[in-house]
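Reading the structure
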Amino acid sequence: WVKVGNEKWQVEEGTIHGQGITKEYGYLRTEKKYKDFHMFIRFKCEARGNSGVFFHTDFKPGTADVSQGLQFEIDKTVGRHSGGIYGDGRAWIVWPAPELEPLIRPDDWNEMLMKVEGNRYISYLNGVQMIDFTDPTPKSFDGYIALQLHSGGEGNMRFKDIYIRDLTKR
């Protein structure tokens, strides 16, 4: 994992604890780039402000500004589309059906399984499929995977049990 930006990332009690200490975004990205993959993660939101798992992402040199990429949304507030896809300069691309929004456990551990296979994106939150979307106009095809902290100093997230299965044929 590689830190991008000035936010605080540390290992605590078997978790990766990310805390927003500036007014900027913060990321913890993988060392290698991924194209097609499945990723499992457990997360706990400990403050306001959304988070997410970026994929097919990259950053402008020397900054924490995202130059490309999509994000599987994480937000502890019901109705904020956890499990949906945001990004690539297009804002919201797809979000879960309204009846699925209450599946987020605001102050407890949650599990998310994310599948990226070509331009098809699938997410499961706490064992329930949130989206299954084939992007008709993808802009990003590979890049880093990055854990995100929201800007404004509100990010306070814990992540654990992170598994990434690279599906790209080599």
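As shown above, the structure is provided for reference.
A few points on the structure. (Residues numbered from 1 in each chain as written. Predicted model: local features only at pLDDT ≥ 70, side-chain atom pairs only at ≥ 80, totals over all residues. Heavy atoms only, no water.)

1. Here's the deal with the sheet that holds strand β12 (residues 128–134)
Either a parallel or an antiparallel arrangement is found when strands of a sheet pair, and the pairing is made through backbone hydrogen bonds. The following threshold applies: For two strands to be treated as a pair, DSSP must find no fewer than two bridges joining them. Strands here are runs of E lasting at least two residues and helices are runs of H or I lasting at least four, both read from the DSSP assignment and numbered beginning at the N terminus. To obtain an axis, a line is fitted to C-alpha atoms, over the contacting stretch when the element is a helix, and the angle between two such axes runs from 0 to 180 degrees between their N-to-C directions.
Strand order in this open sheet of 7 strands is β2-β3-β14-β5-β10-β11-β12, and the pairing throughout is antiparallel. Pairing within the sheet leaves two strands with one partner each, and these edge strands are β2 (8–12) and β12. Here the strands of the sheet are splayed against their neighbours by 25 degrees on average, with no regard to which way each runs. Relative to strand β14 (residues 156–166), strand β5 (residues 37–45) is paired through 8 bridges, and the arrangement is antiparallel. Following the sheet pairing, M39 is matched in β14 by I164.

2. Some thoughts on the pairing of strand β13 (residues 144–149)
Applied cut-off: Only protein chains enter the area calculation, which uses a 1.4 Å probe; residues under 20% of their type maximum are buried, those over 50% are exposed, and those in between are partly exposed.
In terms of residue burial, β13 counts as a mostly covered element, since 6 of its 6 residues are buried. Because side chains alternate across β13, one face comprises the buried residues Y144, A146 and Q148, and the other comprises I145, L147 and L149, equally buried. Here strand β6 (residues 51–59) pairs with β13 via 5 bridges, running antiparallel. From the neighbouring strand, F54 faces β13, where its bridge partner is A146.

3. Things to note about the packing of aromatic side chains
To keep things clear, this is the line we draw: The aromatic pairing rule takes the rings of Phe, Tyr and Trp, using the six-membered ring of Trp, and pairs them if the centres are within 6.5 Å, calling planes under 30 degrees apart stacked, those over 60 edge-to-face and the rest tilted. In this scheme, the term charge over a ring applies when either NZ of a lysine or CZ of an arginine sits within 6 Å of the ring centre and within 35 degrees of the ring normal.
Tallied over the full model, the rule gives 11 aromatic pairs. Where Y25 meets Y27, the ring centres are 6.4 Å apart and the plane angle is 20 degrees; that geometry is what we call stacked. Residue Y25 is classed as partly exposed on the basis of its relative accessible area, which comes to 32%. Judged by its relative accessible area of 3%, Y27 falls in the buried class. A centroid spacing of 6.4 Å and a plane angle of 40 degrees characterise the contact between F40 and Y163, whose relative ring orientation is tilted. A residue pair is termed long-range when its members are at least 10 positions apart, and F40 in strand β5 and Y163 in strand β14 qualify at 123 residues. A relative accessible area of 24% means that F40 is categorised as partly exposed. Through a chain of ring-to-ring contacts, three or more aromatic side chains come together here, namely Y34, F37, F55, F72 and Y121. Lying over the aromatic face of Y144, R29 brings its terminal NZ or CZ to 3.8 Å of the ring centre. Just above the ring of W109 sits the side chain of K160; from NZ or CZ to the centre is 4.3 Å.

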